[in-house]
Amino acid sequence: MTANLEVTDGVGTIRLDRPPMNALDVATQDRLRELAEEATRREDVRAVVLYGGEKVFAAGADIKEMQVMDHAAMVVRSKALQDSFTAVARIPKPVVAAVTGYALGGGCELALCADYRIAADNARLGQPEILLGLIPGAGGTQRLARLIGPSRAKDLIFTGRHVKAEEALTIGLVDRVVPAAEVYEQAHAWAAGLAKGPALALRAAKESVDAGLETDIDTGLTIERNWFAGLFATEDRERGMRSFVEEGPGKAKFL
């Protein structure tokens, strides 16, 4: 397998496993979609970590595989490529990327599919597709611009340059920088903390933010209002409010 899903304490780790650089070939892309759909279905998975291992997250697409594709082949494949990454982005649970080493091209685009990114202090991220006469094709032109703003996204996409961890933190490309040996541990801890939270409320929060970013403010407020009111029908809302009244804030147990 080029990737697998391991579940512990409510956290599902989607682990890339295609040494030495976790190049994202067609088989790996398709496997990512399968694992994202599995993580979405499984009730024992309440949060997700994206991880490439101790040395590298993912160095990008398999260029040798892509080189032999013509226009007709890529017209077909590009949709499947985007669908694989979109399946990860639409996992209705908190997702954190644990970024070690290189996260370039498709690797950076995969990290962009997470809700939160924890990077090693030696990480390097970027969208170097322009150096191949291409542009990002797995969501990079869209998710990157939404995350760090259009001008910064264009700088990275136009130049193809790599961004070191500290600059990535400064521009908002990653959310936390930690020593390389602690990346997975901290990502798992972030996910494990949320795995103990109210699953439906977390899903509502994620979908409200993500869907709201794709529309106007009034529509976004309608999405929020509908989710907010709908949560009043859940056991988690009842448990959370009862605990607040009887025990004080922050003591509710949702599992």
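I will try to describe carefully the structure that is included in this document. Bear in mind that the values here come from a model prediction, so they are computed numbers and not experimental data.

Parameters at a glance
- Residues numbered from 1 in each chain as written.
- Predicted model: local features only at pLDDT ≥ 70, side-chain atom pairs only at ≥ 80, totals over all residues.
- Heavy atoms only, no water.
- Pairing = 2+ DSSP bridges.
- Helix = DSSP H or I, 4+ residues; strand = E, 2+ residues; numbered from the N terminus.
- Axes fitted to C-alpha atoms, helices over the stretch in contact; angles between N-to-C directions.
- Buried < 20%, exposed > 50% of the residue type's maximum accessible area, 1.4 Å probe, protein only.
- Right-handed = clockwise from strand over helix to strand, strands pointing away.
- Patch = residues over 30% accessible without salt bridge, like charges linked within 9 Å, V, L, I, M, F, W, Y side chains within 5 Å.
- Areas by Shrake-Rupley, 256 points an atom, 1.4 Å probe, with all protein chains shown as cover.
- Salt bridge = Lys/Arg side-chain N within 4 Å of Asp/Glu carboxyl O.
- Contact = heavy atoms within 4.5 Å.
- Polar contact = N/O pair within 3.5 Å; in protein donor to acceptor, adjacent residues only side chain to side chain.
- Lys, Arg positive; Asp, Glu negative; His and termini not counted.
- Charge placed at Lys NZ, Arg CZ, Asp CG, Glu CD.

### Digging into the sheet that holds strand β1 (residues 3-8)
Strands belonging to one sheet form pairs held by backbone hydrogen bonds; the direction of such a pair is parallel or antiparallel. As summarised here, the arrangement of the six strands in space is β1-β2-β3-β4-β6-β9, forming an open sheet in which the pairing is mixed. One side of each edge strand has no neighbouring strand; the edge strands of this open sheet are β1 and β9 (176-178). Strand after strand, the sheet turns through a mean of 20 degrees between neighbouring axes, direction not considered. Pairing between β1 and strand β2 (residues 11-16): six bridges, direction antiparallel.

### Focus: the pairing of β2
Where burial is concerned, most of β2 is hidden: five out of the six residues are buried. Two successive antiparallel strands, β1 and β2, enclose a turn made up of two residues, where D9 displays a positive phi of approximately 55 degrees. Relative to strand β3 (residues 47-51), β2 is paired through five bridges, and the arrangement is parallel. Bridge pairing in β3 links R15 to Y51. Regarding the hand of the β-α-β motif, the stretch spanning β2, helix α1 (residues 26-41) and β3 is right-handed.

### Here we look at a nonpolar patch on the surface
Taken together, the side chains of I63, L132 and L134 define a hydrophobic patch exposed on the protein surface, amounting to about 260 Å² of accessible area. Residue position: L132 is located in the loop between β7 (124-126) and α5 (140-148).

### Side note on the pairing of strand β4 (residues 95-99)
Two faces, one strand: in a regular strand the side chains alternate between the faces of the sheet. Judged by how many residues are buried, β4 sits mostly within the fold: five of five residues are covered. On β4, burial covers both faces: V95, A97 and V99 on one face and V96 and A98 on the other are all buried. Across four bridges, the pairing between β3 and β4 is parallel. Considered in β4, the bridge of V48 is made with V95. When β4 meets strand β6 (residues 116-120), the two strands line up parallel, connected through four bridges. Pairing of A98 across the sheet is with I118, part of β6.

### Side note on the environment of G220
Checked against the element boundaries, G220 lands in helix α10 (residues 217-230). The class of G220 is buried, set by a relative accessible area of 14%. Put simply, G220 and S208 are 12 residues apart on the chain and 7.2 Å apart in space, counted from C-alpha to C-alpha. Other than its neighbours up to four places away in sequence, G220 contacts G212 and T215.

### Let's talk about the side chain of Q127
Mapped onto the fold, Q127 is located in the loop between β7 and α5. A distance of 3.4 Å separates a polar atom in the side chain of Q127 from the backbone oxygen of G105. Reaching out from Q127, the side chain makes a polar contact with the side chain of E129 at a distance of 3.0 Å. Excluding residues that lie within four positions of it along the chain, Q127 makes contacts with G105, C108, E109, L112, P136, G140, L144, L156, I157, G160 and R161.

### Here's the deal with a negative patch on the surface
On the surface, a cluster of negative charge is made up of D121, E166, E182 and E185. Of note, E166 is situated in helix α7 (residues 165-171).

### Examining the sheet that holds strand β5 (residues 102-104)
Here three strands make up an open sheet; going across it, the order is β5-β7-β8 and the pairing mixed. The sheet is open, and its two borders are formed by β5 and β8 (162-164), each paired with just one other strand. Pairs of neighbouring strands in the sheet enclose a mean axial angle of 20 degrees, with direction left out of account.

### Concerning unusual backbone geometry
With an omega of 5 degrees, the peptide bond running from P19 to P20 counts as cis. Residue position: P20 is located in the loop between β2 and α1. The backbone of N22 sits at a positive phi, close to 55 degrees, despite the residue not being glycine. Positionally, N22 belongs in the loop between β2 and α1.

Shape descriptors only; they carry no functional weight alone.
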